[in-house]
Amino acid sequence: MLARVDKLVPYNAEEEMKERGALYEKALLPFVSYAIADGNLVTGQNPGSAKATSQKVAELL
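No experiment lies behind these values; they were computed from the predicted model shown. (Residues numbered from 1 in each chain as written. Predicted model: local features only at pLDDT ≥ 70, side-chain atom pairs only at ≥ 80, totals over all residues. Heavy atoms only, no water.)

Colleague: Got a sec to walk through the overall build of the chain? Specific residues and values, please.
Modeller: Counting its secondary structure elements, the chain contains two helices and two strands. Secondary structure of the chain in N-to-C order comes out as α-β-β-α. Going through the 61 residues of the chain one by one, you find that 11% of them count as buried. For the chain, the centre of its 7 positive side-chain charges and the centre of its 8 negative side-chain charges are spaced 7 Å apart. (Helix = DSSP H or I, 4+ residues; strand = E, 2+ residues; numbered from the N terminus. Buried < 20%, exposed > 50% of the residue type's maximum accessible area, 1.4 Å probe, protein only. Lys, Arg positive; Asp, Glu negative; His and termini not counted. Charge placed at Lys NZ, Arg CZ, Asp CG, Glu CD.)

Colleague: I'd like to hear about the environment of Asn-12, residue by residue, with values.
Modeller: Relative to the helices and strands, Asn-12 resides in the segment before helix H1 (13-19). A polar contact of 3.0 Å, which involves the side chain of Asn-12, links it to the backbone nitrogen of Glu-14. (Polar contact = N/O pair within 3.5 Å; in protein donor to acceptor, adjacent residues only side chain to side chain.)

Colleague: Describe the pairing of strand S1 (residues 35-38), with residues and values.
Modeller: Sheet topology note: the S1/strand S2 (residues 41-44) ladder contains four bridges and is antiparallel. The partner of Ile-36 across the bridge, within S2, is Thr-43. A loop of two residues connects S1 with S2, the two strands running antiparallel in sequence, and Gly-39 in this loop sits at a positive phi of about 65°. (Pairing = 2+ DSSP bridges.)

Colleague: I'd like a rundown of the confidence of the model for the chain, residues and numbers included.
Modeller: Predicted coordinates in areas of low pLDDT are best not read in detail. Confidence in the prediction for the chain averages 89 pLDDT; 92% of positions are at 70 or higher. Ranking the elements of the chain by mean pLDDT puts H1 last, at 90, and helix H2 (residues 50-60) first, at 97. (pLDDT = per-residue confidence, 0-100.)

Colleague: Which residues make up the side chain of Asn-46, and what values go with them?
Modeller: Inspection of the secondary structure puts Asn-46 in the loop between S2 and H2. On the basis of relative accessible area, Asn-46 is assigned to the buried category, the value being 17%. A distance of 3.0 Å separates a polar side-chain atom of Asn-46 from the backbone oxygen of Val-32. A distance of 3.0 Å separates a polar atom in the side chain of Asn-46 from the backbone nitrogen of Gly-48.

Colleague: Tell me about a nonpolar patch on the surface, and name the residues and values.
Modeller: On the surface, Leu-8, Val-9 and Tyr-11 cluster together to form a nonpolar patch covering roughly 330 Å² of accessible area. With respect to the helices, strands and loops of the structure, Tyr-11 is situated in the segment before H1. (Patch = residues over 30% accessible without salt bridge, like charges linked within 9 Å, V, L, I, M, F, W, Y side chains within 5 Å. Areas by Shrake-Rupley, 256 points an atom, 1.4 Å probe, with all protein chains shown as cover. Salt bridge = Lys/Arg side-chain N within 4 Å of Asp/Glu carboxyl O.)

Written as structure tokens, this is what we have:
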């Protein structure tokens, strides 16, 4: 775990989502900007994705 939260969080969010059938996408490199929109749902991978995420939200408005 690159963010080193594996000792603090009792589960892995990525694995939990995949096990429940979610389509999980992420950037090839960690800690780079990555945002995606699926309908009206917009998500960003990390704090560095704030600008890209907000741009996608603005496009939907």
